[in-house]
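Working through the structure, step by step
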Amino acid sequence: MRWSLLTLFFCNFIVAQTQYPKDYFRPPLDIPMQLSGNFGELRPNHFHAGFDLKTNQREGLNVYAVADGYVSRIKISTYGNGKCIYITHPNGYTSVYGHLQKVVGPINDLVQKTHYSERSFEIEIFLKPNELPVTKGQIIALSGNTGSSQGPHLHFEFRDSKTEFVINPIFFGFDQNLKDTKKPTISSVFVYPLNNTTVNQSKQPLLLNLALQKDGTYLASKVKANGKIGFGINAVDLDDISHNKNGVFNVSTFLNGNQNYNYQFNTYSFDEMRYINAFIDYPKYKKTGQRVQQLFMKTPFPLSIIKTDSANGIITVEQNLASTYKIEVSDYFGNLNSVTVPIEFDTATPIVNAEPVTSKYFIKATKDANFEKDNMSVFFPAGTFYDDFDMNFDVKNNRIYIHNDVVPVHSNFTITIKDESYPEALRDKVFIAKISGNNRSYNGTVRKNDVYTAKSRVLGQYGLALDTVAPTIKIAKPIQDKWISDMKTIQFTIGDGLSGIKSYNGYLNGNWILFEYDNKTRKITHKFDDGIVSEGANDLRIEVIDNVGNSAIFETHFFRSQQK
């Protein structure tokens, strides 16, 4: 990615602030807007795609269509955005509303009908423009905590209707609903020695000391190096209302006054999301939980928000040439914080050496690689990894050891295990498991005779696991032969100790009924207001199947009179 540094940056910034409609959309909630997460925030394996709007720590708030349009998509999932609505607007944008407690009105009628026609809680519906129109300010749902939500809130985002690129909601006039006079916080700056460089007598990354200056900026301790180096930061943004530590909007770096690296969270595609693992110092994240944003690309990767110079943000420290490196972090409102780093050439002998390399194998990221020993093998297609690296690989004690998870994986690799020891009657109960201590986690496994194959995007230990134990089904309050006319719902907890739940189904008097699943509590819930229950005697049957075909059945009999 090559560019004319300052010119292109400022052009991009101006376009980002002016090309989107400012007064077309209303807020999706009728309470003051507060963010618990912002656009571009760093999340596990992805950048956050929108705003997380606080809902006063509770569910059930009205959620409104932000403009006229039509419901183009409805997705009900146990993970991700949970219950989610997509509204396509005539001006070329689509608004998205996630983690909903329930949808309402005609949308709910369609959802309930689809649940029963497909006999599934998890559904996805795509609609045409004339099928389910909505108007600006129409109540479409109630806010909730469904899917992978960590607490009650509304996930809200915008997408380009044609490209599906997500767009920062701040550009659509919602800056008027937020107050922000606070500068972003730069909590730490790291320097990275590259290509066997020594930095401050170390061949390992170093944390630099920061000194606050009278003008409010920071001065880092001097960097003394003799080759190629890069920098990284920990930074967060605050506003005046929410008090949450959110992601930063814009980062720019300058070497001797010339901009050499920049990113700004304007818009990007879902295909780019996983590049967050190349964007951050992934090994440090796995070891410490810190997400250090690297301000250079050791190996270029196609994340469109990043613009660099010809060196990809990497600095070469040369003899007889002192340099000044500056990092600027700013938010949408123009609040800016900066760190200046003095750099000079130095050939001092390293005191801290690089971590020793003990591996026997080398992975070149742009090439296919296959490793095999005994009855196990792993195949990495080209592009599986972001960078070349030295890899540990071994097979022993019926396990395949594939390095460790401090190296990020971009796309699937394939594990193959051949094992004749299981009798034919049990082979369909065997799967390739990710092994961590005493834990075994399921990987979708394909079997052909005595050969098992699975795909994964996490390095570590793998081996075969046998699951012959049926799932569990528990009811909180027994209802056998009881009248339960005053109960609005019936609830069960389902679980599986090894391969995990694949499917569940409930039947009332032989007819399929809807049970909603909450992955956080492992509870399934049926609401009697769907009108399926019969007057008087009812027979209920629950069937749960795990990922290798073990099944469990729960049956009970109860009585109910219709409430007036």
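Residues numbered from 1 in each chain as written. Predicted model: local features only at pLDDT ≥ 70, side-chain atom pairs only at ≥ 80, totals over all residues. Heavy atoms only, no water.

Across the seven residues that make up strand E35 (residues 430–436), a large majority, six, are buried. Judged from the six bridges that link them, E35 and strand E39 (residues 460–466) form a sheet pairing that is antiparallel. For Ile432, the partnering residue across the bridge sits in E39 and is Leu464. Where E35 hands over to strand E36 (residues 439–442), the hairpin turn is made up of two residues, of which Gly437 adopts a positive phi near 65°. (Buried < 20%, exposed > 50% of the residue type's maximum accessible area, 1.4 Å probe, protein only. Helix = DSSP H or I, 4+ residues; strand = E, 2+ residues; numbered from the N terminus. Pairing = 2+ DSSP bridges.)

Spatial strand order, E40-E42-E46-E45: four strands in an open sheet with antiparallel pairing. Only two strands of the sheet have a single partner each, and these edge strands are strand E40 (472–475) and strand E45 (516–518). Strand-to-strand twist of the sheet, defined as the mean angle between neighbouring strand axes without regard to direction, takes the value 25°. In this sheet, strand E46 (residues 523–527) lies alongside E45 in antiparallel orientation, the contact comprising three bridges. Residue Glu516 lies in a different strand from E46, and its bridge partner there is Thr525. (Axes fitted to C-alpha atoms, helices over the stretch in contact; angles between N-to-C directions.)

When you tally the buried positions in strand E42 (residues 489–495), you get five out of seven residues, the bulk of the element. In terms of strand pairing, E40 meets E42 through four bridges, oriented antiparallel. Opposite Ile473, over in E42, you have Ile494 as the bridge partner. Across five bridges, the pairing between E42 and E46 is antiparallel. Each residue of the ladder has a partner; that of Thr489, found in E46, is Lys527.

This part takes up the nonpolar core. Ranked by internal contacts, the top residues of the largest apolar core, which has 64 residues, are Ile85, Tyr97 and Ile140. Looking at this core, the element that brings in the most residues is strand E8 (residues 93–103), giving four residues. Sequence-distant contacts of Ile85, that is, excluding residues within four places in its chain, are made with Val71, Arg73, Ser95, Val96, Tyr97, Leu100, Val103, Ile107, Ile140 and Ala141. Residues Val189, Leu208, Leu303 and Tyr325 belong to the second largest nonpolar core, which totals 46 residues. (Core = buried A, V, L, I, M, F, W, Y, C linked by side-chain atoms within 4.5 Å. Contact = heavy atoms within 4.5 Å.)

So, about the environment of Ser36. The topology assignment puts Ser36 in strand E1 (residues 35–37). Residue classification places Ser36 among the partly exposed residues on the basis of a relative accessible area of 26%. Spatially, the C-alpha atoms of Ser36 and Phe393 are 42 Å apart, while their sequence positions differ by 357 residues. Sequence-distant contacts of Ser36, defined by excluding residues within four places in its chain, comprise Glu41, Asp52, Lys54, His153, Asn244 and Asn246.

Moving on, we come to the confidence of the model for the chain. In the predicted model, the chain carries a mean pLDDT of 94, and 96% of its residues have values of at least 70. Within the model, the stretch residues 1–16 combines pLDDT values under 50 with 36 contacts to residues more than four positions away or in other chains. (pLDDT = per-residue confidence, 0-100.)

What follows deals with the packing of aromatic side chains. Both the distance between ring centres and the angle between the ring planes are used here to describe each pair of aromatic rings. By the definition in use, this model includes 43 aromatic pairs. With a centroid separation of 4.7 Å and an interplanar angle of 55°, the aromatic rings of Phe25 and Phe158 are classed as tilted. Of this pair, Phe25 sits in the loop between helix H1 (5–18) and E1 while Phe158 sits in strand E12 (residues 153–160), and the two are 133 residues apart along the sequence. One exposure class covers both Phe25 and Phe158, and it is buried. One Lys or Arg, Arg560, reaches over the ring of Phe528 and ends 4.2 Å from the middle of that ring. (Phe/Tyr/Trp six-rings, centres within 6.5 Å; stacked < 30°, edge-to-face > 60°. Lys NZ or Arg CZ within 6 Å of the ring centre and 35° of its normal.)

Our focus in this paragraph is helix H2 (residues 105–118). The end-to-end C-alpha distance of H2 is 20 Å, a good match for the 20 Å that 14 residues give at a rise of 1.5 Å each. Considered for burial, the residues of H2 that qualify are Ile107, Val111, Thr114 and His115. End-on, the buried residues of H2 take up no more than an arc of 105°, which puts them together on one face. In H2, the exposed residues that point more than 90 degrees away from the buried face are Asp109, Lys113 and Ser117. Where H2 is buried, its residues meet strand E6 (69–76), strand E7 (83–88), E8, strand E9 (123–126), strand E11 (139–143) and strand E44 (511–513). Just beyond H2, the residue with positive phi is Arg119, at close to 50°. (Expected span 1.5 Å × (residues − 1). Arc of directions from axis to C-beta.)

This paragraph deals with the side chain of Lys429. Looking at the secondary structure, you find Lys429 in the loop between strand E34 (413–418) and E35. For the buried residue Lys429, which engages in no salt bridge, the nearest side chain bearing the opposite charge is Asp546, 5.9 Å off. Leaving out residues up to four positions away in the same chain, Lys429 has contacts with Ala465, Leu466, Asp467, Thr468, Val548, Gly549 and Asn550. (Lys, Arg positive; Asp, Glu negative; His and termini not counted. Salt bridge = Lys/Arg side-chain N within 4 Å of Asp/Glu carboxyl O.)

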